[in-house]
Amino acid sequence: MATILAVDDSASMRQMVSFTLQGAGHDVIEAEDGQIAYDLAQQHPDVDLVLSDVNMPNMDGISLIKALRGMDSYKFIPMLMLTTESTKDKKMEGRAAGATGWIVKPFNPDQLLATINKVIG
Amino acid sequence: MAVDITQFHEMFFEESFEGLEVMENGLLNLPPGSSDIELINDIFRAAHSIKGGAGTFGFNEVSEFTHDLETLMDLMREGKFSVTSEAVELMLQAVDCLRHMMTELKDKRPIDYANASEISKHFKLILEKPEAAAPEPEQVPAANDTDTDTDTDTDTDTDTDTDCKGWRIGFKPNPEMLQTGNEPYRIIRELGELGDIKVHVLLDDLPSYELIEPCECYLAWQINLFGEDVSGDAIDEIFEWVIDDAEISVEEISGAEAVIPEEALISEETSIPKEPPTQTLDKPKEADSPLPEPSAVRKEVSPAPAVEIKSEAAIPIPPKSESTKPKDEPARGGDSKSIRVNIEKVDALINMVGEMVITQSMLCQLSKEYNEESHNELVSGLAQLEANTRELQESVMSLRMMPISFAFNRFPRLVRDLNRQLEKDVELVLHGEHTELDKTVMEKLGDPLTHLVRNAMDHGMETPQERLAQGKPEKGKIELKAFYEGGAVVIQICDDGKGLDDKKIQAKAISNGVIQEGEVLSKEEIQDLILRPGFSTADKVSDLSGRGVGLDVVKQNIRALNGSLDVQSKENSGTTFTIRLPLTLAIVDGQLIRVEDSVYILPLIAISESLQLEEKNINTVAGGVDLYRIRDENIPVVHLNALFKHDVTEGSELPKMLVVVESNERKIGLVVDELLDQQQVVIKSLEANYQSVEGLSGATILGDGTVALICDVHDIFTMSAGQYQLSFDKIFQSGHNYAA
């Protein structure tokens, strides 16, 4: 099972994502913004997958992905953006920053797991 | 695994209400023309989170309604729409509407959408204005840039006929695709899930061993896919994440064409899935290569593509229908049941429990080897335990404490709205927002405070013209202050308005039958009249204060929290309402007193001093009031045994004690038989267990198991005044006269 870094400034989203992933047997490291996630990433080189919201205070998801791609242990792992369909430019921007792909909000726990299983299966 | 999404609703509501507050405060601080990007971003983010969460947790009405607001904020964020007061006003209304919707959803009540759709209409109007219309990316043709071709041709070619025999797919990743975490193998495997596939690796670009960069992808693939109902959309979806990172072609083929062109068959043909391509790649010439995917730089390789996958618009968006209906299950409504606690407070708590465990084990040890000599140790151990317990108690209480800003932060908006509505110009100033107060008290304080602020706006403040005529500054001011005083929290609502008109109040009180004609009242008494039931001085009933709820109800509500409400006013310079509240409702530091054969408890904070009663210092004045002379002061004396109707035992042997208590800056002396211990007592409600009793605020259980009643000092003031058929002002006046 995988270790997943889940980043979202919304507590309810984090709760939902963690609960779903843990239920599927994954380890989840939670962070409430990009800066905290980046700091946590330094301590956890063993992360297998990053799930990050885009709009967050302090450091947004795109800057986070860009920063993480600069770290050796995060160079090739999948990183997915959790984003709403209204932010198309963000997808492009995210891809340019090194995001693997995205999960479009709103999503339900089953959709989340299905997508994750694709990338880390 | 089915996850019950309703379990996250409570958290969602909680954070959404917080988000709405952020939005409201932000909007209130957003002047027209503002380009405060930080602030605009904060508001946008809050709206965005609410929208996202609402969609995820099944509240699509909320999500849809928030969409316009979010769009507008987004435009402002990008500088494509300037901040206007009209837009801010509309967004504030939307915030209100959202708050209402969310409250109804939380409490599982049906929502009335009339207001929401009205507001949505306005949003549409605003967004359709020419200055706003431009930015929507959908309307801008991709035109200029060829390789990031943004939109246009949707699925026209790909999904015209769905029952095709097969697809020929060319897939040539850019060398650096691996660095976005995208695995070609994953993509090929997903294609395999759509139907039968034949995969051919194209090694044209594979460089010689020395030139291989381990991080780059040199391989390309040609994949033939066969299946019953494989749609172009499904294929597009699989490539969705990599369309910019690879050359992709998707071509429809008939069954006969399914043969792979000979020239393409450079290397392996594999019937994919199940195991990674790494294992099938061992055979090429550079077999000793340790790399999973070698291959060379990009060239125009793949067979002429019939269809280019282009824009994101062409890509089907995963259906969002599943979360449509709000589930009408759990998440109870009513007052919020969770509190957020600062982690430091929790840490302190854990520390304290640790210390307590140490003390407890020390005492345990002591009890095993107890002898006469260790008595002192036992005593000090118990003292330590007591200190620990008290600390623990305080820190547990502090978990319930929240800064009063939670109660104050609704007022900037209220005052702003009232300014518009009443055509007044009043500035609101907040002081002491960090003062902490019990959460329960805070929740119940909201309505009374709102009422007082409305009251000040409606009755207290003059219009700018009136103020100028009075020689006052045009802009009025209302201050909300919170601070600690003794063991209490004091909240003041001060305005610099016209103040109370004593004559008008008195006349009104007489006409309402609140007082008798000819009754002589002091200034304070007259002002207190406005807190009496059935009083209203407004010439006309405005839609603000004319709600049938008078200030007496405010006073009652505050009394229910063991607090008090007072008013001071000076004509033409303003009115101040003062609320005093206990820090917590649960525990009080008490002085145990004996009155005849009963034990009562006086809140320690009310006591200013205690002394032995000397008969010679008592003077009885007109009206039968006893005054006691302490230093230069004469204070009224109240015999608690008489007040609480005890059988008075005559000629008791012990000298009595006088406990001087204060309320509202006034003092009275309570005559009691004996002072006992001081201790913290847990307040038990009388109403819940028996019934409300005048003069008592509650009861508690003492260490020996007996019940002791807790005195309500404020009540005692009122009762004893009644007992003497006199108002306290008169007592005080006569007392001071006597002293003079």
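Coordinates for the structure precede this section.
Everything in this summary refers to the structure shown in the same document. This is a predicted model, so every value here is computed, not measured. (Residues numbered from 1 in each chain as written. Chains lettered and ligands numbered in written order. Predicted model: local features only at pLDDT ≥ 70, side-chain atom pairs only at ≥ 80, totals over all residues. Heavy atoms only, no water.)

**Concerning the sheet that holds strand β14 (residues 587–595) of chain B**
Residue and element names in this part refer to chain B. Counted only if it meets this: Two strands qualify as a pair provided that DSSP identifies no fewer than 2 bridges between them. Put simply, DSSP H or I for four residues or longer makes a helix, DSSP E for two residues or longer makes a strand, and each gets a number counted from the N terminus. The angle between two axes is taken between their N-to-C directions and runs from 0 to 180 degrees, where each axis is a line fitted to C-alpha atoms and a helix contributes only its stretch in contact.
Reading across from one edge, β22-β14-β15-β24-β23 is the order of the 5 strands in this open sheet, with mixed pairing throughout. Bordering the open sheet on either side are β22 (674–682) and β23 (696–701), each of which pairs with just one other strand. Taken over all neighbouring pairs, the strand axes of this sheet differ in orientation by 35° on average, direction set aside. In this sheet, strand β24 (residues 707–711) lies alongside β23 in antiparallel orientation, the contact comprising 5 bridges. Residue pairing in the sheet places Thr 700 in a bridge with Ala 708 of β24.

**Quick notes on the packing of aromatic side chains**
This is how the line gets drawn: What counts as a ring pair is set by centres within 6.5 Å for rings of Phe, Tyr and Trp (its six-membered ring), and what kind of pair is set by the plane angle: stacked under 30 degrees, edge-to-face over 60, tilted for all other angles. Here's how the labels work: a residue is buried when its accessible area is under 20% of the maximum for its type, exposed when over 50%, partly exposed in between, all with a 1.4 Å probe on protein chains only.
A complete count under the given rule lists 10 aromatic pairs over all chains for this structure. Plain terms: the ring middles of Phe19(A) and Phe8(B) are 5.6 Å apart, the flat faces sit at 75° to each other, and that makes the pair edge-to-face. In this pair, Phe19(A) is assigned in helix α1 (residues 11–23) and Phe8(B) in the segment before α1 (9–28), connecting two distinct chains. Taking the relative accessible area as the measure of exposure, Phe19(A) reaches 38% and is therefore partly exposed. An angle of 45° between the planes, with centres 5.5 Å apart, marks the rings of Phe12(B) and Phe57(B) as tilted. Placement of the pair is Phe12(B) in helix α1 and Phe57(B) in the loop between α2 (37–56) and α3 (60–77), with a sequence separation of 45 residues. We classify Phe12(B) as buried; its relative accessible area is 1%.

**Description of the nonpolar core**
Put simply, the rule reads: Here, nonpolar core means buried Ala, Val, Leu, Ile, Met, Phe, Trp, Tyr and Cys residues that are tied together by side-chain atoms lying within 4.5 Å of each other.
With 120 residues, the main nonpolar core has Leu51(A), Phe171(B) and Phe239(B) as its most contacted residues. For this core, the element with the highest residue contribution is helix α4 (residues 85–106) of chain B, accounting for 12 residues. Core analysis: the next-biggest nonpolar cluster, separate from the first, contains 45 residues, Val441(B), Ile493(B), Leu551(B) and Val567(B) among them.

**Some words on the environment of Asn388(B)**
All names here are of chain B. By secondary structure assignment, the location of Asn 388 is in helix α11 (residues 375–399). Asn 388 gets classed as buried once you look at its relative accessible area, which sits at 3%. On a C-alpha basis, the gap between Asn 388 and Val 357 in space is 9.6 Å, while along the polypeptide they are 31 residues apart.

**Considering helix α14 (residues 439–460) of chain B**
Residues and elements named next belong to chain B. Threshold: To estimate the expected span of a helix, count its residues, drop one, and scale the result by 1.5 Å. Fitting one axis to the seven residues ending at a residue and another to the seven starting there, the bend at that residue is the angle between the two axes.
Along its 22 residues, α14 runs 29 Å from first to last C-alpha, staying within 8% of the 32 Å computed at 1.5 Å per residue. Where α14 bends most, the angle comes to about 40°, and this point is Leu 445, followed within four residues by the proline Pro 448. Among the 22 residues in α14, 17 count as buried, and that is most of the element.

**A look at the environment of Gly432(B)**
Residue and element names in this part refer to chain B. Just so we agree on the cut-off: We call two residues in contact when some of their heavy atoms are within 4.5 Å.
Topologically, Gly 432 is positioned in the loop between β8 (426–431) and β9 (436–438). Residues Gly 432 and Tyr 484, 52 residues apart in the sequence, show an inter-C-alpha distance of 9.3 Å. Dropping the residues within four chain positions of it, Gly 432 is found in contact with Ile 404 and Ala 482.

**Some points on the packing of α1(A) against α1(B)**
Packed helices, taken two at a time, are described by the angle their axes make and the gap between the axes. Keep this limit in mind: Orientation is classified from the angle alone, with under 35 degrees giving roughly parallel, over 145 giving roughly antiparallel, 65 to 115 giving roughly perpendicular, and any other angle giving oblique.
For the pair α1(A) and α1(B), the least separation of the axes is 8 Å and the interaxial angle reads 160°. When the interaxial angle is binned, α1(A) and α1(B) end up roughly antiparallel. Every residue of α1(B) that contacts α1(A) at Ala11(A), Ser12(A), Met13(A) and Gln15(A) is listed here: Met11(B), Phe12(B) and Glu15(B).

**Describing the packing of helix α5 (residues 109–120) of chain A against helix α7 (residues 184–194) of chain B**
Stated precisely, the cut-off is as follows: Under the scheme applied, nonpolar residues are Ala, Val, Leu, Ile, Met, Phe, Trp, Tyr, Cys and Pro; charged residues are Asp, Glu, Lys and Arg; polar residues are all the others, including Gly.
Running from N to C, α5(A) and α7(B) cross one another at 125°; their axes reach a closest spacing of 9 Å. The angle between α5(A) and α7(B) falls in the class oblique. Contacts from Asn117(A), Lys118(A) and Val119(A) of α5(A) reach α7(B) at Arg186(B), Arg189(B) and Glu190(B). Class assignment of the residues belonging to the contact of α5(A) with α7(B) gives a composition of 1 nonpolar, 1 polar and 4 charged.

**Examining the pairing of strand β3 (residues 49–53) of chain A**
Residues and elements named next belong to chain A. As a reminder, the rule being used: The handedness rule is simple: strands pointing away from the viewer, and a clockwise path from the first strand over the helix to the second, make the crossover right-handed.
Of all 5 residues making up β3, 5 are buried, and the element is well covered by its neighbours. The two faces of β3 match: Leu 49, Leu 51 and Asp 53 on one face and Val 50 and Ser 52 on the other face are all buried. Pairing between strand β1 (residues 3–7) and β3: 4 bridges, direction parallel. Its bridge partner lying in β3, Val 7 is registered against Ser 52. Strand direction decides the pairing type here: β3 and strand β4 (residues 79–84), joined by 4 bridges, are parallel. Across the sheet, the residue bridging to Asp 53 is Leu 82, located in β4. For the crossover that starts at β3, traverses helix α3 (residues 61–69) and ends in the parallel β4, the hand is right-handed.

**Digging into the sheet that holds β1(A)**
Residue and element names in this part refer to chain A. On the basis of which strands lie adjacent, the open sheet formed by 5 strands has the order β2-β1-β3-β4-β5 and parallel pairing. In the strand order of this sheet, the two ends are held by β2 (27–31) and β5 (101–105), each with one partner. Across the sheet, the axes of successive neighbouring strands diverge by a mean angle of 20°, strand direction being ignored. With respect to the sheet, α1 is in contact with β1, β2, β3 and β5, its orientation differing from that of β2 by roughly 170°.

**Here we look at helix α8 (residues 232–239) of chain B**
Residues and elements named next belong to chain B. Summarising burial for α8: 6 of the 8 residues are buried, a large majority. Gly 232, Asp 233, Ile 235, Asp 236, Ile 238 and Phe 239 are the residues of α8 that are buried. In this fold, the buried residues of α8 make contact with β1 (166–173), α7, β3 (220–226) and β4 (246–253).

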